[in-house]
Amino acid sequence: MQALVFESTGTAEVLHMHEAADPIPAADELLVAVTAAGLNFADIYRRQGRYPLAGNSPYIAGYEGAGRVIAVGENVKGWRAGDRVGFADVPLAHASHIRVPAEHAIRLPEWLSESDAAAVLLQGLTADYLLHDVLPLRAGMHVAVLAAAGGVGRLLLQMLKHQGIHAFAVASNQDKQAACLELGAEAAGGYDTWAKEVREWQGGGLDVVFDSVGTTLTESLDSLKDGGRVVLFGMSGGALSACDPSRLQLNSHGILGADLWTYLTSGEERQRRADRLFALIEEGKVTLPPVTEFALSSGAQAHRLLETRSFSGKIILKP
């Protein structure tokens, strides 16, 4: 097995290739030859030391990907060697081989490539639960999506449009804002001006703000109508901004924390949600992100590109 690893946290220069024995699947696992693995900001944060690391060095990042089954644990039913499989929440994905618990394995439709599956599963399932599970969203509501040009944001904008929900997109530059308008946002603004612009767009305030930035919390609260909610599902901007606790009364404004892993409770649930995502893609209601592929051995270059935050699309690592 070959893997992209690091022994200590730091810049992308700490990454290097490492060779080890192929893993052996446990009784309830599949051994998968990885065809494509997604690179996400969480992988950057783990390499930087901002997120905790499990186990001992050398550390392997990566949580989502796709490939083909090459061995099946003795207790696993319904899977066999040669089957195509995707996964969104299995660690150590930036390697040529990975052990995938059968409960975490997702069957891929024939029309979806493994590279595209690796590009869409984690962010697509995140957008799916934000739409369906955190709050009762209804057609006609007005919401804002922060980091709207990012992986989750661009998918969520499209899903909201097809539910009849009006969306204001917040993105860092005019090109990204224009892309958000093409994806279904009705209006868009930058981080310096959006809190004012969203009030001009919807004077009574918003029903929901989907905030994955964190440092924008005060502006998100300012944008709500009475009874509105901020759905906080990430802190890509760093530590949360401080806000007056008196503003968080139940009948005024509120913050809801959201986490995908709360909803991925079984193999059946993972497959059901993935199938719902696949149907939207097949029907043309959701477009796949543009994919840029790197060899796994060029992982440091891929990390540096993602860190610039100027990149639009999804980076895939291919062993």
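Since the structure is predicted, the reported quantities are computational estimates derived from the model, not experimental observations.

Scoring rules and cut-offs
Residues numbered from 1 in each chain as written. Predicted model: local features only at pLDDT ≥ 70, side-chain atom pairs only at ≥ 80, totals over all residues. Heavy atoms only, no water. Core = buried A, V, L, I, M, F, W, Y, C linked by side-chain atoms within 4.5 Å. Buried < 20%, exposed > 50% of the residue type's maximum accessible area, 1.4 Å probe, protein only. Helix = DSSP H or I, 4+ residues; strand = E, 2+ residues; numbered from the N terminus. Contact = heavy atoms within 4.5 Å. Salt bridge = Lys/Arg side-chain N within 4 Å of Asp/Glu carboxyl O. Pairing = 2+ DSSP bridges. Expected span 1.5 Å × (residues − 1). Axes fitted to C-alpha atoms, helices over the stretch in contact; angles between N-to-C directions. Parallel < 35°, antiparallel > 145°, perpendicular 65-115°, else oblique. Nonpolar A, V, L, I, M, F, W, Y, C, P; charged D, E, K, R; others polar. pLDDT = per-residue confidence, 0-100.

### Re the nonpolar core
- By size, the foremost hydrophobic cluster in this structure holds 47 residues, and its most contacted members are Leu130, Leu137, Leu160 and Phe210.
- Listing elements by their share of this core, those giving two or more residues are helix H2 (114-132), strand E9 (142-146), helix H3 (151-162), strand E10 (166-170), strand E12 (206-211) and helix H7 (267-282).
- Considering each element in turn, this core owes the most residues, 9 residues, to H2.
- Ignoring any residue separated from it by four or fewer positions in sequence, one finds Leu137 in contact with Leu130, Leu131, Leu160, Ile165, Val208 and Phe210.
- By size, the runner-up hydrophobic cluster in this structure holds 16 residues, among which are Leu4, Tyr45, Tyr59 and Leu296.

### With respect to the pattern of salt bridges
- Tallied over the full model, the rule gives 18 salt bridges.
- One salt bridge in this structure joins Lys225 and Asp207, with 2.5 Å as the shortest N-O distance. One end of the pair, Lys225, is in strand E13 (residues 224-232); the other, Asp207, is in strand E12, and 18 residues separate them in sequence.
- Ionic pairing is found between Lys285 and Glu283, a salt bridge with its closest N-O pair at 3.4 Å.
- Residue classification places Glu283 among the exposed residues on the basis of a relative accessible area of 51%.
- Linked by salt bridges that have partners in common, Asp128, Asp133, Glu269, Arg272, Arg273 and Arg276 make up one network.

### Digging into the pairing of strand E6 (residues 84-87)
- On E6, burial covers both faces: Arg84 and Gly86 on one face and Val85 and Phe87 on the other are all buried.
- Bridging between strand E5 (residues 65-72) and E6 involves 4 bridges; their strand directions are antiparallel. The partner of Ala66 across the bridge, within E6, is Gly86.
- As defined by bridge partners, E6 adjoins strand E8 (residues 106-107) across 2 bridges and the pair is classed as antiparallel. What sits directly across from Gly86, in E8, is Ile106.

### What about H3?
- Across its 12 residues, H3 extends 18 Å between first and last C-alpha, which sits within 8% of the 16 Å expected from 1.5 Å per residue.
- In terms of residue burial, H3 counts as a mostly covered element, since 10 of its 12 residues are buried.
- Of all the positions in H3, only Gly151, Val152, Gly153, Arg154, Leu155, Leu156, Leu157, Gln158, Met159 and Leu160 are classed as buried.
- Looking at the buried residues of H3, the elements they touch are H2, E9, E10, helix H4 (174-183), E12 and H7.
- Just beyond H3, the residue with positive phi is Gly164, at close to 75°.

### Here's the deal with the packing of helix H1 (residues 41-48) against helix H8 (residues 299-307)
- The interhelical angle for the contact between H1 and H8, taken along N-to-C directions, is 110°, at an axis separation of 10 Å. When the interaxial angle is binned, H1 and H8 end up roughly perpendicular. Each of Phe41, Asp43, Ile44, Arg47 and Gln48 in H1 lies in contact with H8, whose residues at this interface are His303, Leu306 and Glu307.
- Here the residues of the contact of H1 with H8 are counted per class, giving 3 nonpolar, 2 polar and 3 charged.

### Describing H1
- Within the sequence span of H1, burial applies to Asp43, Ile44, Tyr45, Arg46 and Arg47.
- Tucked into the core, H1 has its buried residues touching strand E1 (2-6), strand E3 (29-39) and H8.
- In the segment just after H1, Gly49 is the residue with positive phi, at about 95°.

### Let's talk about the confidence of the model for the protein chain
- On average, the protein chain scores 92 in pLDDT, and the residues at 70 or more come to 95%.
- Low pLDDT, under 50, characterises residues 248-252; the stretch is placed with 12 contacts to residues that sit more than four places away or in other chains.

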